[in-house]
There are 2 protein chains.
Amino acid sequence: MAGELNAERTNAILVTHALSGDAHVCGWHSESDAKPGWWDEMIGPGKYIDTNKYCVICSNVIGGCSGTTGPRSIDPDTGKPYNLTFPVVTVRDMVRAQKKLIDHLGIEKLLAVVGGSMGGMQVLQWSVDYPDSACAIVPIATASHFSPQNIAFDWVAREAIKADPEWKAGEYEDDAGPTRGLGAARMLAHITYLSEQSMSRKFGRTLQNKQSLDFDFNFDFAVESYLEYQGRRFCERFDANSYCYITRATDYFDVAADTGGDIVEAFKKVKADFLVVSFSSDWLFSTAQSRYFVNALLKNKVKTSFCEVKSDYGHDAFLLEVDTLGRMVRDFLYHTYEVRNGRL
Amino acid sequence: MAGELNAERTNAILVTHALSGDAHVCGWHSESDAKPGWWDEMIGPGKYIDTNKYCVICSNVIGGCSGTTGPRSIDPDTGKPYNLTFPVVTVRDMVRAQKKLIDHLGIEKLLAVVGGSMGGMQVLQWSVDYPDSACAIVPIATASHFSPQNIAFDWVAREAIKADPEWKAGEYEDDAGPTRGLGAARMLAHITYLSEQSMSRKFGRTLQNKQSLDFDFNFDFAVESYLEYQGRRFCERFDANSYCYITRATDYFDVAADTGGDIVEAFKKVKADFLVVSFSSDWLFSTAQSRYFVNALLKNKVKTSFCEVKSDYGHDAFLLEVDTLGRMVRDFLYHTYEVRNGRL
């Protein structure tokens, strides 16, 4: 939590994190932190989500490896990690756990639920599962269901993990996981987070610490070395089984699952106001995917603001276009809070 | 070869194949063929590239596994397959081998060189390496250099192969190759050949032979089963080392490599006329990438026709939009042939 919950408990904002995120959303948790929370430019005292005014709550998703129960947690029945005996979880399960936390904190109704990417899926699930529990819903760079292309990339990523002999059907030791498979999965995901334009600008065909091509299978191009670095670094902070479980949760995500895929019907329950943001070069969760659910919200006469931000950062824009995104979120929260307090 | 070379040897068209293609471009080579050549709808008697009129030549690329010399060929010095002692080859090497074949056939100047995807790269290389050896150049769904996004996907694909313990640094037995790694590489490539729209239309979130989700890590969605099938089938006809070598050749492809990346300068040598075709939903080799080299051709006053075909088939459109593409190619070849014969 960041910021203080007011006496009326009307200023709480739940921020939901993406696939590789965690509860450390802003500020410094300890002196040993290498960097501040993942959305520190967005959230803090005087920032776009102003913790002088709002109380920001962010918890680790269930199935993850950063504090909540996940496949590497100890099964009390066996005294060993669950690994693949851990049940497959869904985005709905993540949201259900968050709701228990909010109940525990004595918050009847959140001011807003805000999240990007997989966080945006949780936000959408909140809007239909707990329609009375949030005034506003802010899905960013996300989709109302996982597309077959999204599912396909996840399948290949998990195949890389499962094919790594160190995976051992999930029964690896803590210090000997399938880092090569998990690294490959992360490299693949990383490509989908960038756009062709941003990769061309950042790397082009620049060589990695050399003047001419070596014509072999080692690093020749800077983009290759960068990807390997990203893959390696990810293995230091993320667990392979969690990666399998959380990606599987996203595969299963369809906010209209209960209504046989009819999204207009699914959104009939919605009571909150919406701010939806997409990014023009995001091809993982495209503007077309945002429009798809925005149209369904509008058919249900849900108050919805929608903006496609022009950006060539690809999916990562939701973490990089902080100023453009932040101004919209700030004003939307201001309006929501004023309405809630009867001042607008 | 399909069709007859005329007495003047002026009707020869070289067709260059893509990554997983081969010399079997049309018709049936033997009774045991499961299907006709990979571009049979385009090429044949009375078809868009009419073998009653033209003589079509297609050879396997060097480094491949369908007949030419590649990493699995026997090294005469050792009596064993070259494997990783095979030199890294480039698109220029592929084209050089084709030129030797054309010389061998006594053809001084081809009527045209036509190819899509990696075939299109060979076509572009022809235009600058042998400017006097083709009247017309037809690059389809391709790019003048491999982008960092393309390079990145290849890196992950080869990582999947190299991480497979059966790969054994390329020293596997013929009947025990790294099929899991090669399968994963093919699955990944397959995603890049389709568009989000075509995948959504073809698969959506349809389940695979079941009525409800199983919530596990096996096949739930049709797209998952389809990908696995594609990966498995590919391993039956393609060699893992060849896959590494040929993808590496594409990584290195930059038609402007000799001119320090200056593509306008690179195209100064060009003498042929061009027909360039891209497909609107192709994100592997986008229309923007075609426009990039079309602009450089135009700056050199090369006679260039360019068309972006509206299609939602993604990169695969170059094999699927045969009628739209075929009519353009047919008319362009007709015009080229008439000009060559002094009738236009």
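Quick caveat: nothing in here was measured; it's all calculated off a predicted structure.

Participant: Please explain the overall build of chain A as it appears in this structure.
Facilitator: Helix and strand counts for chain A come out as eleven helices and ten strands. If one aligns the C-alpha atoms of chain A with their principal axes, the spans along those axes are about 65 × 50 × 50 Å. Relative to its full complement of 344 residues, chain A shows a buried share of 60%. Sequence separation of 24 or more characterises 71% of the internal contacts of chain A that already satisfy a separation of 6 or more. Surface summary for chain A: the accessible area is close to 14,100 Å², and the carbon and sulfur share equals 49%. Averaging the locations of the 36 positively and 45 negatively charged side chains of chain A gives two centres separated by 6 Å.

Participant: I would appreciate a short explanation of the sheet that holds strand β8 (residues 134-140) of chain A in the present structure.
Facilitator: Two orientations exist for strands paired in a sheet by backbone hydrogen bonds: parallel and antiparallel. Residues and elements named next belong to chain A. What the six strands build is an open sheet, ordered β4-β1-β7-β8-β9-β10; its pairing is parallel. Every interior strand has two partners, whereas the edge strands, β4 (55-57) and β10 (304-309), have only one. Averaged over all pairs of adjacent strands, the angle between strand axes in this sheet comes to 15°, irrespective of strand direction. Pairing of strand β1 (residues 12-16) with strand β7 (residues 110-116), which is carried by four bridges, proceeds in the parallel orientation. The partner of L14 across the bridge, within β7, is V113. Strands in contact with helix α1 (residues 91-104) are β1, β4 and β7; relative to β1, the strand with the most contacts, it is inclined by about 155°.

Participant: Explain the nonpolar core here, please?
Facilitator: Inside soluble globular proteins, nonpolar side chains tend to come together where they are buried. Counting 165 residues, the largest nonpolar core has L110, Y243 and F267 of chain A together with L110, W126, Y243 and F267 of chain B as its most contacted members. Setting aside residues no more than four positions away along its own chain, L110 of chain A makes contact with A12, L14, I102, W126, S133, A134, C135 and R340 of chain A.

Participant: Would you take a moment to explain the sheet that holds strand β7 (residues 110-116) of chain B for this structure?
Facilitator: Residues and elements named next belong to chain B. A sheet is described by the order of its strands in space; here six strands give the open sequence β4-β1-β7-β8-β9-β10, paired in parallel fashion. Where the open sheet ends on each side, the last strands, each with one partner, are β4 (55-57) and β10 (304-309). Neighbour-to-neighbour, the strand axes of this sheet turn through a mean angle of 15°, independent of strand direction. As paired strands, β7 and strand β8 (residues 134-140) are joined by six bridges and run parallel to one another. Its bridge partner being in β8, A112 is matched across the sheet by A136. Helix α1 (residues 91-104) rests against β1 (12-16), β4 and β7 of the sheet, and its axis sits at about 155° to β1. Along the sheet, helix α9 (residues 287-299) contacts β8, β9 (273-279) and β10; its crossing angle with β9, the most-contacted strand, is approximately 165°.

Participant: It is not clear to me how the packing of aromatic side chains should be interpreted in this structure. Could you clarify?
Facilitator: When we look at a pair of aromatic rings, we describe it by the centre distance and by the angle of the planes. Following the criterion strictly, the structure yields 34 aromatic pairs over all chains and no others. A centroid spacing of 4.6 Å and a plane angle of 50° characterise the contact between Y252 of chain A and F215 of chain B, whose relative ring orientation is tilted. Within this pair, whereas Y252 of chain A is found in the loop between α7 (240-251) and α8 (263-266), its partner F215 of chain B is found in the loop between α5 (196-202) and α6 (222-237), the two belonging to separate chains. Ring geometry for F234 of chain B against F238 of chain B: centres 4.9 Å apart, planes inclined by 15°, an arrangement best described as stacked.

Participant: Just checking my understanding: could you explain the pattern of salt bridges for this structure?
Facilitator: Pairs can form between side chains of opposite charge whenever their charged atoms are close. Using the criterion set out here, one finds 42 salt bridges over all chains in the structure. The shortest N-O distance in the salt bridge between E159 of chain A and R180 of chain B comes to 2.5 Å. Of this pair, E159 of chain A sits in helix α3 (residues 148-163) while R180 of chain B sits in helix α4 (residues 179-193), each in a different chain. By relative accessible area, R180 of chain B is classed as partly exposed at 38%.

Participant: Please explain α9 of chain B as it appears in this structure.
Facilitator: Residues three or four positions apart in an α-helix share a direction because the helix packs 3.6 residues into each turn. All names here are of chain B. Helix length check: α9, at 13 residues, gives a terminal C-alpha distance of 18 Å against a target of 18 Å (1.5 Å per residue), a fit within 8%. Listing the buried residues of α9 in full gives T287, Q289, S290, F293, V294, A296 and L297. Looking at the residues trailing α9, positive phi occurs at K301, about 60°.

Participant: Help me understand empty space enclosed by the protein in this model?
Facilitator: Empty space among the atoms can be located by rolling a probe the size of a water molecule over them. Applying the stated criterion to the full structure yields seven cavities of 30 Å³ or more. Of the pockets and cavities examined, the largest cavity occupies roughly 130 Å³. Taken together, 14 residues make up the lining of the largest cavity; nearest its centre are A160, A163 and D164 of chain A together with A160 and A163 of chain B. Sorting the residues of the lining of the largest cavity by element identifies α3 and α4 (179-193) of chain A together with α3 (148-163) and α4 of chain B as the ones contributing at least two each. Looking at the lining of the largest cavity, its residues break down into six nonpolar, two polar and six charged.

Participant: Please explain the relation of the copies chain B and chain A as it appears in this structure.
Facilitator: Two copies of the chain are present, and they differ by a rotation about an axis and a shift along that axis. Between chain B and chain A, the superposition needs a rotation of 180° and an axial shift of 0.0 Å, giving an RMSD of 0.0 Å. Accordingly, the operation relating the two chain copies is best matched by a two-fold axis. Nearest to the rotation axis, the C-alpha of A160 of chain B is located 3.3 Å from it, this being the minimum over chain B. Interface overlap between copies is the fraction of interface residues in one copy that are interface residues in the other; for chain B against chain A it reaches 100%, indicating a shared surface.

Participant: What should I look at first to understand the interface of chain B and chain A in this one?
Facilitator: A common way to state how big an interface is: give the accessible area lost once the parts meet. With 52 residues of chain B at the contact, the number on the chain A side is 52 residues. Summed over both partners, the interface of chain B with chain A buries about 4,600 Å², with 68% contributed by carbon and sulfur atoms. Summed over the shared surface of chain B and chain A, the number is eight salt bridges. For the interface between chain B and chain A, the tally reads 24 residue pairs in polar contact (both at pLDDT 80 or more). Secondary structure elements with two or more residues in the side of chain B that touches chain A: α3, α4, α5, α6 and α7 (240-251) of chain B. For the side of chain B that touches chain A, the element with the most residues is α3 of chain B, which contributes eleven residues.

What counts, and at which threshold
Residues numbered from 1 in each chain as written. Chains lettered and ligands numbered in written order. Predicted model: local features only at pLDDT ≥ 70, side-chain atom pairs only at ≥ 80, totals over all residues. Heavy atoms only, no water. Helix = DSSP H or I, 4+ residues; strand = E, 2+ residues; numbered from the N terminus. Buried < 20%, exposed > 50% of the residue type's maximum accessible area, 1.4 Å probe, protein only. Contact = heavy atoms within 4.5 Å. Areas by Shrake-Rupley, 256 points an atom, 1.4 Å probe, with all protein chains shown as cover. Lys, Arg positive; Asp, Glu negative; His and termini not counted. Charge placed at Lys NZ, Arg CZ, Asp CG, Glu CD. Pairing = 2+ DSSP bridges. Axes fitted to C-alpha atoms, helices over the stretch in contact; angles between N-to-C directions. Core = buried A, V, L, I, M, F, W, Y, C linked by side-chain atoms within 4.5 Å. Phe/Tyr/Trp six-rings, centres within 6.5 Å; stacked < 30°, edge-to-face > 60°. Salt bridge = Lys/Arg side-chain N within 4 Å of Asp/Glu carboxyl O. Expected span 1.5 Å × (residues − 1). 1 Å grid on protein atoms, 1.4 Å probe; cavity = no way out; pocket = protein on both sides within 12 Å on 5 of 7 lines; lining within 4 Å. Points joined across faces, edges and corners; volume = space filled by probe spheres on them. Nonpolar A, V, L, I, M, F, W, Y, C, P; charged D, E, K, R; others polar. Least-squares fit on C-alpha atoms with pLDDT ≥ 70 in both. Buried area = accessible area lost by both parts, 1.4 Å probe. Polar contact = N/O pair within 3.5 Å; in protein donor to acceptor, adjacent residues only side chain to side chain.

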